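So you can see what is in the structure, the chains are spelled out below.
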Amino acid sequence: GSQLSYVEACSAPMYRSTSLHAGVVEVVVGPHARCRFTSIQNWAKDIYNLATKRAVAHENALMEWIGGNMGSCVTMSYPSVHLCGSGSRAGILSLSLAGKGQHQDAGTRILHAAPNTTSHIVSKSISNGGGRSTFRGLIQVPHGSSGSKSHVVCDSLILDAESRCDTYPELDVSEQDVEIGHEASVSKIESEQLFYLMIRGLTESEASEMIVSGFAEPLTKELPLCYASQLNELIHLLG
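Undergrad: Help me understand the confidence of the model for the protein in this model?
TA: Caution applies to low-pLDDT parts of the model: their predicted coordinates are not meant to be read in detail. Overall, the prediction assigns the protein a mean pLDDT of 90, with 98% of residues at 70 or greater. Per-element mean pLDDT across the protein ranges from 70 in helix 3 (residues 225-238) up to 98 in strand 7 (residues 80-83).

Here is the structure:
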């Protein structure tokens, strides 16, 4: 029945040569307990960020991963949850910002190893200046995990013609009595959206920034105020 909210913020200055960050986080959530782990990473662009995050959720437990990936030249991060107790739940919300010379390779892995387990994943990415974002998702439902439900949403926003995004969903389901869904979208800022805002007095850059901020809003509203303001500042720089 306990609850824990943990906030991790990571950053580093530029060095003369490339550097490596290899972080590991392990969480065990007991019966009827709840854990929210928030990680905001804004590394320098000469750093390779390889992050391992995994959790085990027991009966009726809830594990939430909240992540913001900014900076670094390459980020590889796939938070995972092993739902080993009946009625356990997992929620994952992430946002990646990929600028010039950056590759944000993120995703998630969920194992529904018990009946009546639930997972909900929302992944958002913004690419600009030739940046690349990648989503890799794995949902596993072995035989015997009846009543399991999973919903994956992957939304990408591309701000120029040089940037790109890729989505690699994998659904491994061996049980019939389940509800599994995946949806993905790729969009850009439309001229009609800019026109609608600009005729109301905004400049083109202000209108563009507002659209991008609205796209990132599901994550920023979950962050402490100081981190949400920093994220909004980074979004302003993207515009």
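There is more to say after this.
Undergrad: Looking at this model, I keep getting lost on the pattern of salt bridges. Mind explaining?
TA: Note on pairing: side chains with opposite charge can pair once their charged atoms come close. Counted by the stated rule, this structure contains seven salt bridges. For Arg136, the salt bridge is made with Asp105, and the minimal N-O distance between the two is 2.9 Å. In this pair, Arg136 sits in strand 11 (residues 132-141) while Asp105 sits in strand 9 (residues 103-112), placing the two residues 31 residues apart along the sequence. We classify Arg136 as partly exposed; its relative accessible area is 33%. Where Arg164 meets Asp166, a salt bridge forms, and the shortest distance between an N and an O atom there is 2.8 Å. A relative accessible area of 39% places Arg164 in the partly exposed class. Several salt bridges converge on common partners, so that one network encompasses Arg34, Arg36 and Glu64.

Undergrad: Is there a simple way to think about the packing of aromatic side chains in this case?
TA: For any two aromatic rings, the description comes down to two numbers: the centre-to-centre distance and the angle of the planes. Within this structure, the stated rule accounts for two aromatic pairs. Ring centres of Tyr6 and Phe37 lie 5.0 Å apart, and the angle between their planes is 15 degrees; this geometry places the pair in the stacked category. Here Tyr6, found in strand 1 (residues 3-11), pairs with Phe37, found in strand 3 (residues 34-43); they are 31 residues apart in sequence, far enough to count as distant. A relative accessible area of 43% places Tyr6 in the partly exposed class. Here a set of aromatic residues connected by ring pairs shows up, and it is made of Tyr6, Phe37 and Trp65.

Undergrad: For this particular structure, what's the right way to read the pairing of strand 3?
TA: It is a general feature of regular strands that their side chains alternate between the two faces of the sheet. Burial of strand 3 is extensive: eight of the ten residues sit out of reach of the surface. Relative to strand 5 (residues 62-71), strand 3 runs parallel, the two being bridged by ten bridges. From the neighbouring strand, Cys35 faces strand 5, where its bridge partner is Met63.

Undergrad: What exactly am I supposed to notice about the environment of Gly71 here?
TA: Relative to the elements of secondary structure, Gly71 occurs in strand 5. Each C-alpha atom of the pair Gly71 and Trp43 lies 4.5 Å from the other, and the pair is 28 residues apart in sequence. The contacts of Gly71, once residues within four sequence positions are left out, are Asn42, Trp43, Ala44, Gln102 and Gln104.

Parameters at a glance
Residues numbered from 1 in each chain as written. Predicted model: local features only at pLDDT ≥ 70, side-chain atom pairs only at ≥ 80, totals over all residues. Heavy atoms only, no water. pLDDT = per-residue confidence, 0-100. Helix = DSSP H or I, 4+ residues; strand = E, 2+ residues; numbered from the N terminus. Salt bridge = Lys/Arg side-chain N within 4 Å of Asp/Glu carboxyl O. Buried < 20%, exposed > 50% of the residue type's maximum accessible area, 1.4 Å probe, protein only. Phe/Tyr/Trp six-rings, centres within 6.5 Å; stacked < 30°, edge-to-face > 60°. Pairing = 2+ DSSP bridges. Contact = heavy atoms within 4.5 Å.

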